[in-house]
Amino acid sequence: MKEILQAPYIIELVRTLTNMYQHGWDERNGGNVSVLLDEAELKEYLDLTNVIRTIHTGFAAPELEGNYFLVTGTGKYFKNVQYDPANNLGIVRLTEKGTRAELLWGFTDGGRFTSEFPAHMMSHVARRRVDPASRVVMHCHPANLLAMTYVHELDEVKFTRTLWQMCTECIVVFPDGVNVLPWMLCGTNEIGEATAKKMETARLVVWAQHGIYGAGRDLDETFGLIETAEKAAEIYMKIAHLPILNTISDAAMHQLEQHFGVKARDGYLQ
Ligand code: 2HA
Ligand code: ZN
C-alpha cells in the first residue's frame, strides 16, 4: 500500500486549499471543496474494506451511490490543512442511495464533512449530467464578488455581461456565464438543490452576500474559473463609481468567440 499523504490528489488539494487561503478567499473556516476520486487510484493508497465509521448525509443522491469523494471538514480552517491533512480532510464512499457516507480516511478528531455537503453532492450530480468529466466542486468567499452582490443587480444576464466586460479573457474562460442565487440560508438541502439547479446551465454560481461556487474537471480549472471571475469583480469594484468611458463591445465579444472557438451563452450578446 502506498502512503496516502503522497497521493497526487491529496498533495494537489492541500496546495489548492493553501492557495485559496492565501488569496483571502477563505477566512476562518470559510469555504469547502470536494473532489470525486477514482476507485482505481484510491485502491493503491487505502484498504477500501476498512470503514472507520458511517456518517448520515441527511439527503439522498442515488446517482452518487458507490462514489468516492475527498472533501474538506466542517469547522476546519484552510490555513491549517497543510499542517494536518488527515484531520482537516476526509475520504468518504457514498452508500445507501447517498444517504450514508462511509469514512475511509481522515477527520481524525471525530469530525465530519463540510456543512455544505448537500450543495456539493447535488452540484456534482448536476454538473456530471452536463459534463461526465466534471469532478470538482469548490466554494469560497472572494471579497470582490461578494462586494459586487451588494451594489450590482443580481439579474444573471446583467451580472454575467458586467463580468465579461471587465477583462477581455472572461468570456473565453466562462462563456457559460455566472448564475446567481439570492441570499438564502446556507448549509441546508434547500440551498443545495437551488445551487444544483443553477449548475445545470453554468459552472459558476454566485451566492449573494455570501460567496461563489465553481465546478470543473480538475482543481486547476475550477480554481481558475473563480480566480478569473473574482479578478473581473475586482476591476468592477475599482471602476463602478467612476465615469465609464470605454468598454468591450458586443462586436468585440463576437470576435473573441470566433478567435478562441467559444460560444457565449445563448441570448447574452447582441
Ligand atoms: O463555513 O463557507 O458556507 C464554510 C462555509 C459555509
Ligand atoms: Zn460559505
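This structure is a prediction, so every number in the text was calculated from the model and none was measured. In this convention, every chain numbers its residues from 1, walking through the sequence in written order. Labels are handed out in written order, letters beginning with A for the chains and numbers beginning with 1 for the ligands. Since the coordinates come from a predicted model, pLDDT governs what is reported: local features require at least 70, and pairs of side-chain atoms require 80 or more to be given and counted, while whole-chain, interface and lining totals use all residues. Excluded from the side-chain calculation are hydrogens and water; included are all heavy atoms of the structure.

(A) Broad picture of the site of ligand 1. Here, proximity means that at least one heavy atom of the residue falls within 4 Å of the molecule or strand. Contacts to ligand 1 come from Asn29, Gly30, Gly31, Asn32, Glu116, His139, His141 and His210. One of the side-chain nitrogen or oxygen atoms of glutamate 116 is found 2.7 Å away from an oxygen atom of ligand 1. As used in this structure description, the phrase polar contact means that two N or O atoms lie within 3.5 Å; if the pair is within protein, one of them must be able to donate a hydrogen and the other to accept it, and residues adjacent in sequence are counted only when both atoms belong to side chains. In the environment of ligand 1, an oxygen atom lies 3.3 Å from a nitrogen or oxygen atom belonging to the side chain of histidine 139. Per-residue and other accessible areas were derived by the Shrake-Rupley procedure at a 1.4 Å probe size, with only the shown protein chains allowed to occlude residues. Here ligand 1, which alone exposes 220 Å², has 86% of that area covered by the protein. Per-class residue counts for the shell around ligand 1 are no nonpolar, seven polar and one charged. Ten residue types, Ala, Val, Leu, Ile, Met, Phe, Trp, Tyr, Cys and Pro, are classed as nonpolar, four, Asp, Glu, Lys and Arg, as charged, and the remainder, Gly among them, as polar.

(B) Structural detail: the packing of aromatic side chains. The criterion for an aromatic pair is that two Phe, Tyr or Trp rings (for Trp, the six-membered ring) have centres within 6.5 Å, with stacked assigned to planes under 30 degrees apart, edge-to-face to planes over 60 apart and tilted to the rest. Taken as a whole and assessed by the stated rule, the structure comprises six aromatic pairs. Pairwise contacts between aromatic rings join Phe59, Phe113 and Phe117 into one cluster.

(C) Structural detail: the pattern of salt bridges. When a carboxyl oxygen of Asp or Glu lies within 4 Å of a side-chain nitrogen of Lys or Arg, that pair is called a salt bridge. Within this structure, the stated rule accounts for 15 salt bridges. Notably, a salt bridge pairs glutamate 44 with lysine 2, separated by 2.6 Å at the nearest N-O pair. Pair noted here: glutamate 44 is in the loop between helix 2 (39–43) and strand 2 (53–56) and lysine 2 is in the segment before helix 1 (8–22), with a separation of 42 residues, a long-range link. The salt bridge partner of aspartate 176 is arginine 203, with a shortest N-O separation of 2.9 Å. Here the residue aspartate 176 occupies a position in the loop between helix 8 (170–173) and strand 7 (178–181), and arginine 203 occupies one in the loop between helix 9 (189–199) and strand 8 (204–207), the gap between them amounting to 27 residues. The two residues aspartate 176 and arginine 203 agree in class, both being buried. A network of salt bridges, in which partner residues are shared, links Asp176, Arg203 and Glu221. Counting from the N terminus, the helices are DSSP H or I runs at least four residues long and the strands are E runs at least two residues long. Each residue's exposure class comes from its accessible area (1.4 Å probe, protein chains only) as a fraction of the maximum for that residue type: buried when under 20%, exposed when over 50%, partly exposed otherwise.

(D) Representation of helix 1 within the structure. Given a rise of 1.5 Å per residue, 15 residues ought to cover 21 Å, and the 21 Å separating the end C-alpha atoms of helix 1 matches this to within 8%. Those residues of helix 1 that fall on the buried side of the exposure criterion are Tyr9, Ile10, Leu13, Val14, Thr16, Leu17, Thr18 and Met20. In the stretch just after helix 1, glycine 24 is the one whose phi turns positive, near 80°. How far a helix is expected to stretch is found by multiplying one less than its residue total by 1.5 Å.

(E) Main features of the side chain of threonine 57. With respect to the element layout, threonine 57 can be found in the loop between strand 2 and strand 3 (68–72). The class of threonine 57 is buried, set by a relative accessible area of 8%. By definition in these notes, contact holds between two residues if any of their heavy atoms fall within 4.5 Å. Not counting the four nearest positions on each side in its chain, threonine 57 is found in contact with Leu94, Gly98, Thr99, Arg100, Ala101, Phe113 and Phe117.

(F) Focus on the coordination of the zinc ion (ligand 2). At 2.0 to 2.1 Å from the zinc ion (ligand 2) lie its protein donor atoms, namely His139 (NE2), His141 (NE2) and His210 (NE2). Every donor residue of the zinc ion (ligand 2) comes from the same chain, spaced as H-x1-H-x68-H. Among the residues examined, histidine 141 registers a relative accessible area of 15% and is labelled buried. A 2.8 Å cut-off from the metal defines N, O and S donors, relaxed to 3.2 Å for Na, K and Ca; water is not in the atom list, so some sites may appear incomplete.

(G) Main features of the nonpolar core. The criterion is simple. A nonpolar core is a set of buried Ala, Val, Leu, Ile, Met, Phe, Trp, Tyr and Cys residues joined through side-chain atoms within 4.5 Å. One finds Val33 and Leu70 to be the most contacted residues of the largest nonpolar core, which totals 57 residues. Per-element accounting of this core gives the leading share, eight residues, to helix 10 (residues 219–239). With residues near it in sequence (within four places) discarded, leucine 70 still touches Tyr9, Ile10, Leu13, Val33, Ser34, Val35, Leu37, Leu89, Gly90, Ile91 and Trp105. In this structure, Val92, Phe107, Trp207 and Ala215 belong to the second largest nonpolar core, which totals 28 residues.

(H) How the structure looks around empty space enclosed by the protein. Computed over the protein atoms alone on a 1 Å grid, cavities are sets of points where a 1.4 Å probe fits but cannot get out and pockets are open sets with protein on both sides within 12 Å along at least five of seven lines; a residue lines them when it has an atom within 4 Å of a point. Grid points are joined across faces, edges and corners, and a volume is the space filled by probe spheres set on the points. Applying the stated rule across the entire model yields one cavity of 30 Å³ or more. Lining the largest cavity are Pro182, Trp183, Met184, Ile191, Trp207, Ala208 and His210. Class assignment for the residues of the lining of the largest cavity results in six nonpolar, one polar and no charged.

(I) Broad picture of the packing of helix 5 (residues 117–130) against helix 9. Interhelical geometry of helix 5 versus helix 9 gives an angle of 25° and a closest axis separation of 8 Å. With respect to helix 9, the axis of helix 5 lies roughly parallel. For the pair helix 5 and helix 9, the sense of crossing is right-handed. Residues Pro118, Ala119, Met122, Ser123, Ala126 and Arg127 of helix 5 form the contact with helix 9, whose participating residues are Asn189, Gly192, Glu193, Thr195, Ala196 and Met199. In terms of residue class, the contact of helix 5 with helix 9 is built from six nonpolar, four polar and two charged. Structural elements are reduced to axes, namely lines fitted to C-alpha atoms, with helices fitted over the stretch in contact, and the angle between N-to-C directions of any two is expressed from 0 to 180 degrees. Here is the rule for angles: anything less than 35 degrees is roughly parallel, anything more than 145 is roughly antiparallel, 65 through 115 is roughly perpendicular, and the remaining ranges are oblique. Left-handed describes a crossing in which the near helix is turned anticlockwise from the far one by less than a right angle; the clockwise case is right-handed.

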